[in-house]
Amino acid sequence: MKQMVKYPPVIACIVFTILMGLIFMMVLNEERRLEAEQKYAAFMRLSSVKADLEGLMGANLSVLRGLKAQIAVDPDLVARRFPAIAAELLGNDLQLRHIALAPDLVVSDVYPRQGNEKILGVDLRTLPDQIGTIQRAVNQRQVMVAGPLNLVQGGQGLIARLPVYQSLENDRFWGIVAAVIDYDELLDQAGILGVDWDGALAIRGRNASGAKGEVFFGSEQTFRDGSIVVDVNLPHGNWVLGYYPPEGWQVSRERALQMWILGALFAAINAIAAYFMAHTYRAKTLATETAIHRANYDGLTGLMNRHYFTRQLENHIADARRDGQRFALMFADLDMFKQVNDTYGHDVGDRLLQLFSHRMTDTLRRNDLVARLAGDEFVMLVKQVDSATQVEMLAEKLLERFNDVFSIDGRMLSISSSIGIAIFPTDGDSASQLLQNADHAMYAAKSAGRNRVFFFNRNMRLEVERHVQMHNEIVRGIDDGQFEVYYQPVLELKGSEINKCEALVRWNHPERGQISPVEFIPVAEQTGAIRALGNFVLEQVCIDMQHFSNAGLKLKVAVNRSVKEFSALDVDQRWLQIMAQRLVKAEDIIFEITESLLMEQNAKQLAAIQNLRKAGVQFAIDDFGTGYSALNYLRSYPVEILKIDRSFIMDLLTDEQDRTLVDVIIRMGKTLGIRVVAEGVESLDQINLLKELGCDYIQGFFLTRPVPRDEFIRFCQEWKLVTSL
């Protein structure tokens, strides 16, 4: 009852329904009583018609029986006196139109003869539509009523036939006496014609065939369910009278309508009162319930959110630890989901996430838990696991479901998923550890080619431990001054002037020596240490730019920026503040980003880029050509510089395809007003070809490897001296 009170319309409907139910029973009983009265009246009326029909048919058929008796005694006498006998019989106010004699089934005489001449001499055995009833009459020695049917002499009527046997000669079959009964007059005398039946009366049973026979008066529809039927008994067989009002059994509802109106008003008043009482209660609890639901469930998919799932996971860990049970945590992520958003829009992407979540819940058991952590990341808690094989089979089944085509707004989308699995307690005994390890396993599945299942294992655990250790060493190394910024010059081909350079971080580890950025940058991005490292690089660049200025070098410095760095709150203001504190103009700083940052369409990240550009910071797309390279994004989010990836420059002189791609990129840059830098240049021949293609800048080992600040200053001064000669 407490739950129902939360829904005022339900309470109001219940009250209204109960009261209206009582009224309904009263009105229904009254309608049934009136309907029963109507049916009883119709039955009595049909019974009266039945009695009249049976009486009239009996009187008409008695003439044939009398004539039969006379023929059986003296057939010759009857033949001689037939007109007189028939005239006497027909004068008894009956519905007989004429009487015929048919010895040996051939009509020999008929009275009255006028108008019936065509029947004389007719062999009844030659009448295909009548021979059946004639044979039954002979075989059963009973009077048979046929019709209504078309007469040989014209018109329609009922034909009564009675076989005659001469008892004095061992029951020798003599023939048949027949009489035609005026069909219309019979119905009129019985009260069927000339009486207002509203067209609702019907008779079936042509040839006295009863309920299975053909309807010969009225409509077949009269014999529907609910009709009143009465059998009219004939000497051998019967007709069926049926009655059903054209409008159905209409019951006078004036009194019932009054009861409905009064009852409905009474019920409505009480229902409204109940509604407002329940609404008052509901208003007090609705806000609380909404807040709880929003705090615990994802608004798009309806699944648990990270916060609520983590609590459920912690509770289940406690239960599993107490009961000694194992369970699995699956971490699923859609492969290439960003491309769906970028190609078809976020509405299609959202619908895809909803369908994806439905397939998960449909595939898992009812008591398993599913949650959406963020974006296209989902987790599943599979309870009571007996073996890793069981979990793997379930995960493979999930992959099969995910690989089925998704139909969204007429589009057929195919997308795969990668799943990572961690088992309690083998792979972790806390919620955070299980989530982290399942996440690592998922990323391992992606790295192995996507659309597959990976279990967290010892090697991954060692990798995680190594990442954690390296993260701590990176943070400590920043504080201890182990990191240093190197610089590599960027040469403008048109004037052979070095007016740009790229800042590259190097790590001089006290025990392991110099560690390659390829090794520590991915770890820093994954653990979040990239933010502190990026701030250090920018601050050191701003310090070094004072040294460049003091040495007479006017340079713009490019600083690499990770996608992860743009996720921090107010990161744009933090970077601009660092520049301002070191008296560095924003126009002298270039931020190198990858195409993926623009492709993600993250509103906060894009807003930070726009704010930095407004302040004067220039942007360059690094490693251009290896990612999405979508012209649409260059138009929507303009940048100042494109940096062609070194993989295209390496075989520029020998690979026609690479040369064509570089040419296309340079032409595209010129069309959009974007300057182009070729990375990885190592020979003069490459420079000459790039000049020919119209490239703006080059960068690579042909000039120099990345070097520390002071060595870089000397290189630039020497270059300036040589080029001025």
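Owing to the predicted nature of the structure, the values given are computational and were not obtained by experimental measurement. (Residues numbered from 1 in each chain as written. Predicted model: local features only at pLDDT ≥ 70, side-chain atom pairs only at ≥ 80, totals over all residues. Heavy atoms only, no water.)

**Focus on the sheet that holds strand 7 (residues 215-217)**
Pairing is antiparallel in the open sheet, where 4 strands are placed in the order 7-6-9-8. The open sheet is flanked by strand 7 and strand 8 (228-234), the only strands paired with a single partner. The sheet shows a mean angle of 30° between the axes of neighbouring strands, taken without regard to direction. Pairing of strand 6 (residues 201-204) with strand 9 (residues 237-243), which is carried by 4 bridges, proceeds in the antiparallel orientation. Counted as the bridge partner of Ile203 is Leu241 from strand 9. Those strands touched by helix 2 (residues 8-73) are strand 6, strand 8 and strand 9, and its axis lies near 15° from that of strand 8. (Pairing = 2+ DSSP bridges. Helix = DSSP H or I, 4+ residues; strand = E, 2+ residues; numbered from the N terminus. Axes fitted to C-alpha atoms, helices over the stretch in contact; angles between N-to-C directions. Contact = heavy atoms within 4.5 Å.)

**Remarks on the sheet that holds strand 16 (residues 453-455)**
In sheet architecture, strand pairing relies on hydrogen bonds along the backbone and comes in two forms, parallel and antiparallel. Strand order in the open sheet made by the 5 strands is 11-12-10-15-16, with mixed pairing throughout. Strands with a single pairing partner mark the edges of an open sheet, and in this sheet they are strand 11 (369-374) and strand 16. Across the sheet, the mean angle separating the axes of adjacent strands is 20° when strand polarity is ignored. Strands strand 10 (327-334), strand 12 (377-382), strand 15 (417-424) and strand 16 of the sheet are contacted by helix 10 (residues 388-403), whose axis makes an angle of about 160° with strand 15.

**Some words on the pairing of strand 8**
The side chains of a regular strand alternate between the sheet's two faces. Burial of strand 8 is one-sided: the residues Ile228, Val230, Val232 and Leu234 facing one way are buried, the residues Val229, Asp231 and Asn233 facing the other way are not. Two strands pair when backbone bridges link them, and strand 8 and strand 9 are joined in this way by 7 bridges, in the antiparallel orientation. Looking at the pairing, Val230 lines up with Leu241 of strand 9. Taken together, strand 8 and the strand that follows it, strand 9, pair antiparallel across an intervening segment of 2 residues. (Buried < 20%, exposed > 50% of the residue type's maximum accessible area, 1.4 Å probe, protein only.)

**Quick notes on the nonpolar core**
Soluble globular proteins tend to bury their nonpolar side chains together. Within the largest apolar cluster, 79 residues are counted, with the highest numbers of intra-cluster contacts made by Val541, Phe591 and Leu690. It is helix 14 (residues 530-550) that contributes the most residues to this core, 9 residues altogether. In terms of nonpolar packing, the next biggest core, distinct from the first, is built from 50 residues, Leu46, Leu56, Leu64 and Leu96 among them. (Core = buried A, V, L, I, M, F, W, Y, C linked by side-chain atoms within 4.5 Å.)

**Here we look at the packing of aromatic side chains**
Tallying each qualifying case throughout the model produces 17 aromatic pairs. With a centroid separation of 4.9 Å and 20° between ring planes, the pair formed by Phe483 and Trp507 is classed as stacked. Here Phe483, found in strand 17 (residues 483-492), pairs with Trp507, found in strand 18 (residues 497-509); they are 24 residues apart in sequence, far enough to count as distant. Here Trp507 and Phe520 contribute two aromatic rings whose centre-to-centre distance is 5.5 Å and whose plane-to-plane angle is 90°, an arrangement assigned as edge-to-face. Residue Trp507 is located in strand 18, and its partner Phe520 is located in helix 13 (residues 517-527); the two are separated by 13 residues in the primary sequence. No difference in accessibility class separates Trp507 from Phe520, as the two residues are buried. One aromatic cluster in this structure is built from Phe566, Trp575, Phe591 and Phe619. Here Arg141 stacks its cationic end above the ring of Tyr165, 4.0 Å away from the centre of that ring. The positively charged end of Arg561 is found above the aromatic ring belonging to Trp575, 4.2 Å away from the centroid. (Phe/Tyr/Trp six-rings, centres within 6.5 Å; stacked < 30°, edge-to-face > 60°. Lys NZ or Arg CZ within 6 Å of the ring centre and 35° of its normal.)

**Digging into helix 21 (residues 684-693)**
If you check which residues of helix 21 are buried, you get Gln686, Ile687, Leu689, Leu690 and Leu693. Viewed end-on, helix 21 has its buried residues packed into an arc of 165°, placing them on one side of the element. On the buried face of helix 21, the contacting elements are helix 19 (646-650), helix 20 (656-672), strand 24 (675-679) and strand 25 (697-699). Phi for Gly694, located one or two positions after helix 21, is positive at around 95°. (Arc of directions from axis to C-beta.)

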